[in-house]
Amino acid sequence: SDLTIKNEQDRHCVYLVKDMRKFGDAFKGEDKPKGFLFFEVNDVNPLNALSFQLENGKYFWDVVVLFAANINYDAEAGRPRVQCNPNVQYLLDNNETLLQPLRRRGVKVLLGLLGNHDITGLAQLSEQGAKDFAREVAQYCKAYNLDGVNYDDEYSNSPDLSNPSLTNPSTAAAARLCYETKQAMPDKLVTVFDWGQMYGVATVDGVDAKEWIDIVVANYGSAAYPIGQMTKKQCSGISMEFNLGGGGSLSASKAQSMIDGGYGWFMGFAPSPAKYGSVFSRLQGGGEVLYGSNVAAPTIFYKKNDPTPYKYPDDL
């Protein structure tokens, strides 16, 4: 055993040790491109990231986004707040069985946030509004043991400019939120989907974007681009939409072009076990080029809100 007890007083404790050596992990190399996967959690269990393994046993996806919680206006408190629908809240409340198994295998889990048809929005918070909202996001990540956040500027209405928490929509306001979020949780990931006003300003208070945006992923069929002193290592070279089939495929040639271009990430959105046939076919060749091991055919899947691995495709 590699377990060492250093203090005499600790010898009287009971230690429950789980041997994880038989489980795979997501680490495929420090400089290898990584996978960034969104799950529509209203419909699909995020544990389905564990369906995707390379033939060498490594897990294919490195980051999973719970898509999505919302920013909404709290009329009673008079400020924007995080709003979780019942599906998101169920995952958070049961994170030990539905989220932490991902993290124990090295897959980072992020809370996705986007607008929700009211006066608030991720790109229309004032400086104080951004600070307040960022602190709440940090509290969520700490309380539920998450690895960070993804911001997506969609579905917001026009702001009420008489409200001190709000301002006109702009890339500057979105950048301020990212900056304040990183200030509130410097040890967590702050990531953005390049859509709406969410991305484009390179400095906040003289601090470069590379210090407060860890990853940017592009719209489907596009590659993300760095701003400020960011590099393509922080950008997605391909973004694939799995539910509707858009955005191309991570073929061997596409994977090689990503490597040649210096991109650090590839993105996927909304895979479901019912469409594994088409999803996995779009990844063939990519794993071999990126990691020296191709993506294996799926053998398991997870039903919604159920931590039990089921046989694929027999139990569909």
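Rules behind the numbers
- Residues numbered from 1 in each chain as written.
- Predicted model: local features only at pLDDT ≥ 70, side-chain atom pairs only at ≥ 80, totals over all residues.
- Heavy atoms only, no water.
- Helix = DSSP H or I, 4+ residues; strand = E, 2+ residues; numbered from the N terminus.
- Rg over C-alpha atoms; globule rule 2.2 N^0.38 Å.
- Buried < 20%, exposed > 50% of the residue type's maximum accessible area, 1.4 Å probe, protein only.
- Contact = heavy atoms within 4.5 Å.
- Areas by Shrake-Rupley, 256 points an atom, 1.4 Å probe, with all protein chains shown as cover.
- Lys, Arg positive; Asp, Glu negative; His and termini not counted.
- Charge placed at Lys NZ, Arg CZ, Asp CG, Glu CD.
- Phe/Tyr/Trp six-rings, centres within 6.5 Å; stacked < 30°, edge-to-face > 60°.
- Lys NZ or Arg CZ within 6 Å of the ring centre and 35° of its normal.
- Axes fitted to C-alpha atoms, helices over the stretch in contact; angles between N-to-C directions.
- Parallel < 35°, antiparallel > 145°, perpendicular 65-115°, else oblique.
- Left-handed = near helix turned anticlockwise from the far one by under 90°.
- Salt bridge = Lys/Arg side-chain N within 4 Å of Asp/Glu carboxyl O.
- Pairing = 2+ DSSP bridges.
- Right-handed = clockwise from strand over helix to strand, strands pointing away.
- Core = buried A, V, L, I, M, F, W, Y, C linked by side-chain atoms within 4.5 Å.
- Disulfide = S-S within 2.5 Å.
- pLDDT = per-residue confidence, 0-100.

1. With respect to the overall build of the protein
A count of helical and extended segments in the protein gives 8 helices and 13 strands. Whereas a compact globule of 316 residues would reach a radius of gyration of roughly 20 Å, the protein reaches 20 Å, a difference of no more than 12%. By principal-axis analysis of the C-alpha atoms, the protein measures approximately 60 × 60 × 40 Å. Residue burial in the protein is summarised as follows: out of 316 residues, 51% are buried. Counting only contacts in the protein whose residues sit at least 6 apart along the sequence, the fraction spanning at least 24 positions is 74%. Carbon and sulfur atoms make up 47% of the accessible area of the protein, which totals about 14200 Å². The averaged location of the 37 negative side-chain charges in the protein is 6 Å from the averaged location of its 30 positive side-chain charges.

2. A few points about the packing of aromatic side chains
For the structure shown, the criterion picks out 22 aromatic pairs. Ring centres of Phe 52 and Trp 61 lie 6.0 Å apart, and the angle between their planes is 75 degrees; this geometry places the pair in the edge-to-face category. Feature note: the residues Phe 52, Phe 60, Trp 61, Phe 242, Phe 266, Tyr 276, Phe 280, Tyr 291, Phe 301, Tyr 310 and Tyr 312 constitute an aromatic cluster, connected by ring pairs. Here the guanidinium or amino end of Lys 28 rests over the ring plane of Tyr 291, the centre of that ring lying 5.2 Å away. Looking at Lys 303, its charged tip hangs above the ring of Tyr 310, at a distance of 4.2 Å from the centre.

3. Things to note about the packing of helix H4 (residues 127-143) against helix H5 (residues 171-184)
It is at 8 Å that the axes of H4 and H5 come closest, and there the two elements cross at 45 degrees. With respect to H5, the axis of H4 lies oblique. The chirality of how H4 crosses H5 is right-handed. Between H4 and H5, the residues in contact are Glu 127, Ala 130, Lys 131, Phe 133, Ala 134, Arg 135, Val 137 and Ala 138 and Arg 176, Leu 177, Glu 180, Thr 181 and Ala 184, respectively.

4. Structural notes on the pattern of salt bridges
According to the stated counting rule, one finds 12 salt bridges in the structure shown. A salt bridge links Asp 62 to Lys 28; its shortest N-O distance comes to 3.1 Å. With Asp 62 in the loop between strand S1 (34-40) and strand S2 (63-74) and Lys 28 in the segment before S1, the pair connects residues that are 34 residues apart, well separated along the chain. For Lys 28, a relative accessible area of 14% puts it in the buried group. Measuring nitrogen to oxygen at the nearest pair gives 2.5 Å for the salt bridge that ties Asp 132 to Arg 135.

5. Focus on the pairing of strand S11 (residues 265-269)
The two faces of the sheet receive side chains in turn, since in a regular strand these alternate between them. Buried residues dominate S11, accounting for 5 of its 5 residues. Of the pairings in the sheet, the one linking S1 to S11 comprises 5 bridges and is parallel in character. The partner of Lys 34 across the bridge, within S11, is Trp 265. As judged from the 4 bridges shared by strand S10 (residues 236-241) and S11, these two strands associate in the parallel manner. If you follow Ser 236 over to S11, its bridge partner there is Trp 265. At this point the chain moves from S10, through helix H6 (residues 252-261), to the parallel S11, and the crossover so formed is right-handed.

6. Re the nonpolar core
Formed by 81 residues in total, the largest nonpolar core has its most connected members in Phe 60, Phe 133, Tyr 151, Leu 250 and Phe 266. Of the residues forming this core, the biggest block, 7 residues, is contributed by H4. Apart from the residues lying within four places of it in its own chain, the contact partners of Tyr 151 are Leu 113, Leu 122, Phe 133, Val 137, Leu 177, Cys 178, Thr 181, Thr 191, Val 192, Phe 193 and Met 198. Leu 110, Leu 189, Phe 193 and Phe 269 belong to the second-largest nonpolar core, a separate cluster that totals 16 residues.

7. Considering the environment of Glu 288
Tracing the chain through its elements places Glu 288 in helix H8 (residues 286-291). When residues no more than four places from it in sequence are discounted, the contact partners of Glu 288 are Ser 293 and Asn 294.

8. Some thoughts on the state of the cysteines
For the structure on display, the rule yields 0 disulfides. The thiol sulfur of Cys 141 is not disulfide-bonded, and the nearest other cysteine sulfur, from Cys 84, lies at 11 Å. Residue classification places Cys 141 among the buried residues on the basis of a relative accessible area of 0%. Here Cys 235 is not disulfide-linked; the sulfur of Cys 178 is the nearest cysteine sulfur, at 13 Å. The exposure class assigned to Cys 235 is buried, which follows from its relative accessible area of 0%.

9. Section: the confidence of the model for the protein
For residues with low pLDDT, the predicted coordinates do not support detailed interpretation. Looking at the protein as a whole, its pLDDT mean stands at 94, while 92% of the residues score no less than 70. Taken together, the stretch residues 18-22 has pLDDT below 50 and engages in 2 contacts with residues farther than four places along the chain or on a different chain.

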